[in-house]
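# Fold and geometry: a report
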Amino acid sequence: LRYALQLLTPASLLGRVQGKETVEREQVEEINELFYDAKSSAKILQDQQHKFLK
């Protein structure tokens, strides 16, 4: 639930930039492509750790 709510704020901002008054599915989907939840982020970091400075 927290993750879903965290998507709504940036989706709302994106909608405003696009001239929309309400959050639509397209904005949420676009924002969802940009952000990962903590578990997914940790997995990506672990899988790609060789690309980062130590």
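Everything numeric here is computed off the predicted structure, so don't read it as measured data.

## A closer look at the overall build of the protein
- A count of helical and extended segments in the protein gives 3 helices and 0 strands.
- Listing each helix as α and each strand as β along the protein from the N terminus yields α-α-α.
- Relative to its length of 54 residues, the protein is extended, with a C-alpha radius of gyration of 14 Å against a globular reference of 10 Å.
- A principal-axis box enclosing the C-alpha atoms of the protein has dimensions of 45 × 25 × 15 Å.
- In the protein, which comprises 54 residues, the share counted as buried stands at 11%.
- Put simply, the protein shows about 4,900 Å² of open surface, and 56% of that area lies on carbon and sulfur atoms.

## Digging into the environment of L45
- With respect to the helices and strands, L45 occurs in helix 3 (residues 38-47).
- Of the residues examined, L45 reaches a relative accessible area of 47% and is grouped as partly exposed.
- Linking L45 and G15, residues 30 residues apart in sequence, is a C-alpha distance of 30 Å.

## Points about the environment of Q18
- Of note, Q18 is situated in the loop between helix 1 (2-17) and helix 2 (25-34).
- For Q18, a relative accessible area of 40% puts it in the partly exposed group.
- C-alpha of Q18 to C-alpha of R2: the two residues are 16 residues apart in sequence and 25 Å apart in space.
- For Q18, the residues in contact, after removing those within four places along its chain, are Q27 and E30.
- Of note is the side chain of Q18, whose polar atom sits 2.7 Å from the side chain of Q27.

Calculation notes
- Residues numbered from 1 in each chain as written.
- Predicted model: local features only at pLDDT ≥ 70, side-chain atom pairs only at ≥ 80, totals over all residues.
- Heavy atoms only, no water.
- Helix = DSSP H or I, 4+ residues; strand = E, 2+ residues; numbered from the N terminus.
- Rg over C-alpha atoms; globule rule 2.2 N^0.38 Å.
- Buried < 20%, exposed > 50% of the residue type's maximum accessible area, 1.4 Å probe, protein only.
- Areas by Shrake-Rupley, 256 points an atom, 1.4 Å probe, with all protein chains shown as cover.
- Contact = heavy atoms within 4.5 Å.
- Polar contact = N/O pair within 3.5 Å; in protein donor to acceptor, adjacent residues only side chain to side chain.

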